[in-house]
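What follows is each chain in one-letter form.
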Amino acid sequence: MTRGTTGTATGASSPGTPAPLRLTAPAIRAFKGRRKIAALTAYDAPTAALLDAAGVDLLLVGDSIEMVVYGAADTLGASLDRMVAHAKAVSGSAKRALVVGDLPYLTYHTTPEESVRNAARFVVEGGCRAVKLEGGSQRLPMIKAILAAEIPVMGHLGLTPQSVNALGGFKVQGRRATEARRLLDEAKKLADAGVFALVLECVPAELAARITEAIPIPTIGIGAGAGCDGQVLVLHDLVGLAAPGARVPRFVRRYADVGAVIRDAAAAYVADVRSGAFPSEAESFAAEPGEAPPVALYAAGEGRR
Ligand code: KIV
């Protein structure tokens, strides 16, 4: 059995079994060719615990938080301080999954030194065991510097949302042969530099499969077809936690409708409050038996602070 996996086939923990070993970046890398990697985004402690217990291998504290939690139109405004705080909540709660901090825009675009300092915040303050960053050749000096500081790096090619303005929108990448060749070349360079896994976002399935064959590290696809070594989705897309009418990308498979569950629960609560059905006696407190009722205490002036 691969070091870092649990004793169960799914990797999920169950009561009575020993705490699973934490997955590391090398353990994720070693899954290549052995079994598929299931990754999801996570931004807070309770969902991280649930996803971890479900057997998710890798929890990405993604800068997608800016869109799905904070309601922005893109990821560009994500701040490192805020991301590190969310990372701390996730890594404090996940017992088995590898927690990866997603470096926000402009935290690794200037100098290698600044990039190392920013990446290290995810490790030292956020409790992450790896970071992710977007881009290819132009980011290699920063990637090499972060790796030299002993921080594992996950790459991200294809539709890189932090480049939305340069790309002219959230569009599928690598549909033309020259662009596909460039992406394959970039993937090889990232693998040669030492990244432990590579996210491929919104690229044609054939291209993702070709890249997957060509590099020795796992590819983790999002909108990149079934030929990747693993898959990642944004949790809110997976469970339908979005404002009514929100657009869902075509590559998302919705496994639940948590939005409807929340809306229906809140509507039932509103109705119960208005009708007086909530709270019941069982949901209220009573004075100790034999004690004077609080009303009597107030009448005697004893209940005042
Ligand atoms: O920020 C994010 O959630 C991501 C995933 C979509 C891969 O980068």
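Quantities reported herein were computed from a predicted structural model and do not represent experimental measurements. (Residues numbered from 1 in each chain as written. Predicted model: local features only at pLDDT ≥ 70, side-chain atom pairs only at ≥ 80, totals over all residues.)

**Considerations on the overall build of the chain**
The helix and strand tally for the chain stands at 12 helices and eight strands. For the chain, the proportion of its 305 residues judged to be buried stands at 40%. Relative to all contacts within the chain whose residues are 6 or more apart in sequence, the contacts with residues 24 or more apart total 60%. (Helix = DSSP H or I, 4+ residues; strand = E, 2+ residues; numbered from the N terminus. Buried ≥ 20, exposed ≤ 12 C-beta atoms within 10 Å, placed from the backbone. Contact = placed C-beta atoms within 7 Å.)

**Focus on the sheet that holds strand S3 (residues 98-102)**
Taken together, the eight strands give a closed barrel; going around it, the order is S1-S2-S3-S4-S5-S6-S7-S8, and neighbouring strands pair in parallel fashion. For this sheet the average axis-to-axis angle between neighbouring strands, irrespective of direction, equals 25 degrees. In the packing of helix H4 (residues 80-91) onto the sheet, the strands contacted are strand S2 (58-61) and S3, and the crossing angle to S3 comes to about 175 degrees. (Pairing = 2+ DSSP bridges. Axes fitted to C-alpha atoms, helices over the stretch in contact; angles between N-to-C directions.)

**Comments concerning helix H5 (residues 112-124)**
Its 13 residues place the ends of H5 18 Å apart at the C-alpha level, agreeing with the 18 Å of an ideal helix rising 1.5 Å per residue. Within H5, burial applies to Ser115, Asn118, Ala119, Phe122 and Val123. For H5, the arc enclosing every buried residue in end-on projection is 155 degrees, short of the 170-degree limit, so these residues lie on one face. Every exposed residue of H5 that faces more than 90 degrees away from the buried side is listed here: Glu113 and Val124. Taken together, the buried residues of H5 touch H4, S3, strand S4 (130-132) and helix H6 (140-148). (Expected span 1.5 Å × (residues − 1). Arc of directions from axis to C-beta.)

**Details of the nonpolar core**
Counting residues in each nonpolar core, the largest one holds 72 residues, and the members touching the most others are Leu58, Leu59, Val99, Val100, Ala130, Val131 and Leu198. Among the elements that take part in this core, H4 stands out by supplying five residues, more than any other. With residues up to four places along the chain from it excluded, the contact list for Val100 reads Leu58, Leu60, Val61, Cys128, Ala130, Val131, Lys132 and Met154. (Core = buried A, V, L, I, M, F, W, Y, C linked by C-beta atoms within 7 Å.)

**Let's talk about helix H2 (residues 45-53)**
Buried within H2 we find Thr47, Ala48, Leu51 and Asp52. The arc that holds every buried residue of H2, seen down its axis, measures 135 degrees, which confines them to one face. Where H2 is buried, its residues touch strand S1 (37-41), S2, H4 and helix H10 (235-239). Following H2 by one or two positions, Gly55 adopts a phi angle in the positive range, close to 95 degrees.

**What to know about the pairing of strand S7 (residues 219-222)**
Of the two faces of S7, the one carrying Thr219 and Gly221 and the one carrying Ile220 and Ile222 are both buried. Two elements, strand S6 (residues 197-201) and S7, share four bridges in a ladder whose sense is parallel. When the bridges of S7 are listed, Val199 appears paired with Ile220. Summarising the sheet, S7 and strand S8 (residues 230-233) pair through two bridges and their orientation is parallel. Paired with Ile220 across the two strands is Gly230, which belongs to S8.

**A look at the packing of helix H8 (residues 177-193) against helix H9 (residues 205-214)**
Helix packing geometry: the angle between the two helix axes and the distance between the axes. Here H8 crosses H9 at 30 degrees, and the two axes come no closer than 10 Å. Taken together, the axis directions place H8 and H9 in an arrangement best described as roughly parallel. Taken as a pair, H8 and H9 cross one another with a handedness that is right-handed. Residue-level inspection shows Ala180, Leu183, Leu184, Ala187 and Lys188 of H8 in contact with H9, the latter providing Leu207, Arg210, Ile211 and Ala214. (Parallel < 35°, antiparallel > 145°, perpendicular 65-115°, else oblique. Left-handed = near helix turned anticlockwise from the far one by under 90°.)

**Some points on the packing of H5 against H6**
Following both chains from N to C, one finds H5 and H6 inclined at 50 degrees, their axes separated by 8 Å at the closest point. For the element pair H5 / H6, the angle class is oblique. With respect to the hand of their crossing, H5 and H6 are arranged in right-handed fashion. Residues Pro112, Ser115, Val116 and Ala119 of H5 pack against Pro141, Met142, Ala145 and Ile146 of H6. Grouping the constituent residues of the contact of H5 with H6 by class yields seven nonpolar, one polar and no charged. (Nonpolar A, V, L, I, M, F, W, Y, C, P; charged D, E, K, R; others polar.)

**Here we look at the confidence of the model for the chain**
Of all residues in the chain, 90% have pLDDT values of 70 or greater, and the mean over the chain is 92. Here residues 1-11 is a poorly scored stretch, pLDDT under 50, and it has 20 contacts once near neighbours within four places are set aside; other chains count. (pLDDT = per-residue confidence, 0-100.)

**Side note on unusual backbone geometry**
Here Phe278 and Pro279 are connected by a cis peptide whose omega angle stands at 0 degrees. Examined against the element boundaries, Pro279 turns out to sit in the loop between helix H11 (258-275) and helix H12 (294-299). One non-glycine residue, Glu150, lies in the positive phi region at around 70 degrees. Along the chain, Glu150 falls in the loop between H6 and strand S5 (153-158). Overall, the presence of 8 C-beta atoms within 10 Å leaves Glu150 in the exposed class.

**Observations concerning the pairing of S2**
Here S2 shows no split at all, with Leu58 and Leu60 on one side and Leu59 and Val61 on the other all buried. Bridging between S1 and S2 involves three bridges; their strand directions are parallel. Bridging from a neighbouring strand, Thr41 pairs with Leu60 of S2. Taken together, S1, H2 and S2 form a β-α-β motif whose crossover is right-handed. When S2 meets S3, the two strands line up parallel, connected through four bridges. Looking at S3, one finds that Val61 is bridged to Gly101. (Right-handed = clockwise from strand over helix to strand, strands pointing away.)

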